Amino acid sequence: ILISPLFCDLHLHGSHGIDFLTDLSIDAMVHACESLGNSGIGYFAPTLLTSPNATLKKALHHWGSFISQIRTQPKYLKTTAAVPVGIHLEGPFLNRSRSGAHSKKLIVRPDITLMDQLIHKSQDTIAIVTLAPELPGSTQLIAYLKSRKIHIQLGHSEASIDEALQAYSKGARGITHLFNAMKYHHRNPGLLGVAHYPDVFTEIIADAL
C-alpha cells in the first residue's frame, strides 16, 4: 500500500471525459471533481485556454458560479471529491509565435480592461493567469493582477532573460510548462533565467515519454 498526500493539479483542461471549456453543466463539473478525487487529486484549478470571447466568458461564468457555491457550501461536494480552488486562465495574452494549442487569431495583447471584465465574469474566482511578459502592456497587467492577488505565471513566450526578470520584479512568480512553448538558449535563457528562484513555482509536463 502506498500512502501519500493528495495531489494539487493547477493546470488541467479537462478530466474523465469532461472538457472544462465546454462541458459546463453542474453534473459535468461534479463528475470531474469526484473522478479527480478518486484519482488522488485533492485540489485543482480548471484551466481555460484562449477561446472566442463569448465561449471564454460563458465558461468563466459557469465555473465561477460553481466555485462560489462550493466556497459558501463546502458540503456541496463529497468529502472525497477534488475541490476547484480557482480558475487558471491560460491566455489570451500570449505570444503568437509560441501559441502551441492556442488559436493565433484569438490571441490578444495584454489589456487591463478586458482582464477586469474576465475577472468580473468569473465572480472573482480567477486564481492564476498565464501570460507572455514581453508583450506591450504586460508590465502594467502584471502589476494589476498582483494587486488583485492573482498568481501570475509566464508562458507561451519569446521573452529574453531581461524581460523575464522585469516580470519577476513586478510580481510574476510562476512558469507554465517549463521548456514548452518558450525560447531558451544558453546565452539567453529567457524564462529559464528565473525558474531557479526559490519563490518561483515551475510547472513540468510529466509525460511518460
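Starting afresh in each chain, residues are numbered from 1 along the sequence in its written order. Only residues with pLDDT of at least 70 get local features here, since the model is predicted, and only at 80 or more are side-chain atom pairs given and counted; chain-wide, interface and lining totals rely on the full set of residues. Note: side-chain values were computed over all heavy atoms of the structure, leaving out hydrogens and water.

Another aspect to go through is the state of the cysteines. By disulfide we mean two sulfur atoms from cysteines, separated by a distance within 2.5 Å. Applying the stated rule across the entire model yields zero disulfides. In this model Cys-33 remains outside any disulfide bridge; the closest cysteine sulfur is found in Cys-8, 13 Å from its own. The cut-offs for exposure are 20% and 50% of the maximum accessible area for each residue type, with area from a 1.4 Å probe on protein chains only; residues under the lower value are buried, those over the upper are exposed, and the others partly exposed. Overall, Cys-33 belongs to the buried group, its relative accessible area being 0%.

Right, let's talk about the packing of aromatic side chains for a bit. One pair of aromatic rings is described through two measures. These are the centre distance and the angle between the planes. For this analysis, a ring pair means two rings from Phe, Tyr or Trp (six-membered ring only for Trp) whose centres lie within 6.5 Å, classed as stacked if their planes differ by under 30 degrees, edge-to-face if by over 60, and tilted for the remaining angles. Evaluation of the coordinates by the stated rule reveals seven aromatic pairs. Relative to Trp-63, the ring of Phe-20 has its centre 5.2 Å away and its plane inclined at 80 degrees; by these criteria the two rings are edge-to-face. With Phe-20 in the loop between β3 (18-19) and α1 (26-38) and Trp-63 in helix α2 (residues 53-72), the pair connects residues that are 43 residues apart, well separated along the chain. Of note, Arg-173 hangs over the ring of Tyr-168, and the distance from its end group to the ring centre comes to 3.8 Å. In DSSP terms, a helix is any run of H or I states spanning at least four residues, a strand is any run of E spanning at least two, and both are numbered starting from the N terminus. Counted as over-ring charges are cases with an Arg CZ or a Lys NZ within 6 Å of the ring centre that also lie within 35 degrees of the ring normal.

Turning our eyes to something else, we now look at the packing of helix α4 (residues 138-147) against helix α5 (residues 161-170). One way to put it is that α4 packs onto α5 with a least axis distance of 9 Å and a crossing angle of 30 degrees. The angle between the axes of α4 and α5 places the two elements in the roughly parallel class. Our pair here, α4 against α5, has a crossing hand that is right-handed. Counted together, Thr-139, Ile-142 and Lys-146 of α4 and Gln-166, Ala-167 and Lys-170 of α5 form the full contact between these two elements. Throughout this entry, Asp, Glu, Lys and Arg are counted as charged residues, while Ala, Val, Leu, Ile, Met, Phe, Trp, Tyr, Cys and Pro are counted as nonpolar. The remaining residues, Gly among them, count as polar. Counted by class, the contact of α4 with α5 contains two nonpolar, two polar and two charged residues. What counts as an axis is a line fitted to C-alpha atoms, over the stretch in contact for a helix, and the angles between N-to-C directions run from 0 to 180 degrees. Here is the rule for angles: anything less than 35 degrees is roughly parallel, anything more than 145 is roughly antiparallel, 65 through 115 is roughly perpendicular, and the remaining ranges are oblique. Take the far helix as your reference; a near helix turned counterclockwise from it by less than a right angle gives a left-handed crossing, and one turned clockwise gives a right-handed crossing. Two residues qualify as a contact provided that any one of their heavy atoms is within 4.5 Å of a heavy atom in the partner residue.

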